[in-house]
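Inside the fold
The lines below spell out each chain.
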Amino acid sequence: NLTGNLSVGGTASFNSLLSASSIVDTALTSGSVVFAGPNGLLSQDNANFFFDDTNNRLGIGTAAPSQSFQVNGNASNPFVVTSGGNVGIGVTSPTALLDLSSTIPTLNMLDTTSGDDDLNIVLDNDVLDFRSSNSSYSSAGKLLSLNLGTGNIGVGTTGPAALFNISSTVDQNLFRVDDNGNGD
């Protein structure tokens, strides 16, 4: 059921409304997300934009998405969202709400109201660091460090050498205990 202007002679041109109960183009691949290419030509690019209708998965940069939504800048560093809502960066099957996988996974947070309050959480060689680039908070940006292999905790250092290691390059009280008047 077509309405509008139709030009025959090799190229179909629809200048008005196209109404059809079904359109079949056997040149398109199943799962293709069809888009208007050059000059309005119906096109597909399965390697970069694909919908897996069997599993209800959308892939950008992949023709074989493993989760509900998957973006692959390259095959080893995907971004995925599972049907359960888990987000994975650098991992294809995230098992937590946010799952980061990298040689040195880092989570950066910035308070945009002031522009200089930031927190970086870094896992490097079994050491979990909480850092800030704002040196007014800590010595050289090192806030807190936990060595997962030894159990050592560091304040002001990323390499705690003892069970509890405090380090500072400025003249300040390094440790303080207050009794709030309870006498306990």
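The structure contained in this document is the topic of the report that follows. (Residues numbered from 1 in each chain as written. Predicted model: local features only at pLDDT ≥ 70, side-chain atom pairs only at ≥ 80, totals over all residues. Heavy atoms only, no water.)

What about the environment of threonine 92?
Along the polypeptide, threonine 92 turns up in the loop between β7 (87-89) and β8 (98-100). Looking at threonine 92, the relative accessible area reads 36%, which means it is partly exposed. Separated by 22 residues in the primary sequence, threonine 92 and glutamine 70 place their C-alpha atoms 8.2 Å from one another. (Helix = DSSP H or I, 4+ residues; strand = E, 2+ residues; numbered from the N terminus. Buried < 20%, exposed > 50% of the residue type's maximum accessible area, 1.4 Å probe, protein only.)

Observations concerning the pairing of strand β6 (residues 78-81)
Side chains of β6 alternate between two faces, with Pro78 and Val80 buried and Phe79 and Val81 left unburied. As defined by bridge partners, strand β5 (residues 69-72) adjoins β6 across four bridges and the pair is classed as antiparallel. For glutamine 70, the partnering residue across the bridge sits in β6 and is valine 80. Linking β6 back to β7 in an antiparallel pair, the connection comprises five residues, with glycine 85 at a positive phi of about 95°. (Pairing = 2+ DSSP bridges.)

Here we look at unusual backbone geometry
The residue asparagine 56 is not glycine, and still its phi comes out positive at about 55°. With respect to the helices and strands, the residue asparagine 56 is situated in the loop between β3 (49-52) and β4 (57-60).

Observations concerning the environment of serine 43
Mapped onto the fold, serine 43 is located in strand β2 (residues 42-43). Owing to a relative accessible area of 14%, serine 43 belongs among the buried residues under this scheme. Residues serine 43 and leucine 28, 15 residues apart in the sequence, show an inter-C-alpha distance of 8.1 Å. When neighbours within four sequence positions are excluded, serine 43 is seen to be in contact with Val33, Val34, Phe35, Gly37 and Pro38. At a separation of 3.0 Å, a polar atom in the side chain of serine 43 contacts the main-chain carbonyl oxygen of leucine 41. (Contact = heavy atoms within 4.5 Å. Polar contact = N/O pair within 3.5 Å; in protein donor to acceptor, adjacent residues only side chain to side chain.)

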